[in-house]
Amino acid sequence: SQQGEEDPQALSIQEGENATMNCSYKTSINNLQWYRQNSGRGLVHLILIRSNEREKHSGRLRVTLDTSKKSSSLLITASRAADTASYFCATHSRTSGSRLTFGEGTQLTVNP
Amino acid sequence: EAGVAQSPRYKIIEKRQSVAFWCNPISGHATLYWYQQILGQGPKLLIQFQNNGVVDDSQLPKDRFSAERLKGVDSTLKIQPAKLEDSAVYLCASSSSGIGDIQYFGAGTRLSVL
């Protein structure tokens, strides 16, 4: 079964609006990471949050982690057309050695 | 700092043919990963190297896939013989230590098996 599952699968918003994506996972984690993938390109790391952290910020990105609910959310504020991409959460689990397990991703479209 | 380099960017082959992909990680990164990403899905780890030793190849279809990392730097991933379901993007990534570390990805090789 998928360790990380993103919700929604697809999200379409207007420029300037905020976008929220959620990730749920099943096992205990050491950290959770968010990556962005533009069409036809590799993944780019956005932010890493450790299991003992609840919230992190990076520019227009805000990530929260709720280990009791085994879930995380990524908020992009004041979205831009350039934010159009697929967003993946990836978990590093205590039981998976050094492997990162990626979810299926959320496709975000920001309309100008 | 140069990123992860992969080649070729695109490859089209017929089923039962063989194909090889090449990856050059970020200089000094000890850990190298190969992922398979099927359209509409997240990346799935195929194999992880720490220097030139295999750390995790539990999801590598060993009857047809092989990978090596000579001298702990460059790596090649081979498929022989290819099947239709191998059509995917093959991503290479590297990280400095490997333990739940941030990973840096190459642009990938898009493989189409006809």
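Further up the page is the structure itself.
Residues numbered from 1 in each chain as written. Chains lettered and ligands numbered in written order. Predicted model: local features only at pLDDT ≥ 70, side-chain atom pairs only at ≥ 80, totals over all residues. Heavy atoms only, no water.

1. Details of the pairing of strand 7 (residues 65-68) of chain B
Residues and elements named next belong to chain B. Where strand 7 lies against strand 8 (residues 75-79), four bridges are found, and the strand directions are antiparallel. Bridge assignment links Phe 65 to a residue of strand 8, and that residue is Ile 79. Joining the antiparallel neighbours strand 7 and strand 8 is a turn of six residues, in which Lys 71 adopts a positive phi near 60°. (Pairing = 2+ DSSP bridges. Helix = DSSP H or I, 4+ residues; strand = E, 2+ residues; numbered from the N terminus.)

2. Looking at the environment of Ala82(B)
All names here are of chain B. Mapped onto the secondary structure, Ala 82 falls in the loop between strand 8 and strand 9 (88-95). In this structure, the C-alpha to C-alpha distance between Ala 82 and Ile 13, residues 69 residues apart in sequence, is 8.2 Å. Beyond its immediate sequence surroundings of up to four residues, Ala 82 is in contact with Ile 13, Lys 15, Arg 16, Gln 17, Arg 64 and Val 113. (Contact = heavy atoms within 4.5 Å.)

3. A closer look at the state of the cysteines
Within the structure shown, the criterion is met by two disulfides over all chains. Note that Cys23(A) is cross-linked by a disulfide to Cys89(A), the S-S spacing being 2.0 Å. Taking the torsion about the S-S bond as the criterion, the Cys23(A) to Cys89(A) disulfide, at about 65°, is right-handed. You can see Cys23(A) sitting in strand 3 (residues 19-24) and its partner Cys89(A) sitting in strand 9 (residues 85-93), a full 66 residues away along the chain. Between the sulfur atoms of Cys23(B) and its disulfide partner Cys92(B) the distance amounts to 1.9 Å. Because the torsion about its S-S bond is -70°, the bridge between Cys23(B) and Cys92(B) counts as left-handed. (Disulfide = S-S within 2.5 Å.)

4. Here's the deal with the pairing of strand 11 (residues 109-113) of chain B
Residues and elements named next belong to chain B. A one-sided burial pattern is seen for strand 11, the buried positions being Thr 109, Leu 111 and Val 113 and the unburied ones Arg 110 and Ser 112. Sheet topology places strand 2 (residues 10-13) next to strand 11; four bridges connect them, and they run parallel. Each bridged residue has a counterpart across the sheet, and for Ile 12 the counterpart in strand 11 is Ser 112. In this structure, strand 9 lies alongside strand 11, joined through three bridges in antiparallel fashion. What sits directly across from Val 89, in strand 11, is Arg 110. (Buried < 20%, exposed > 50% of the residue type's maximum accessible area, 1.4 Å probe, protein only.)

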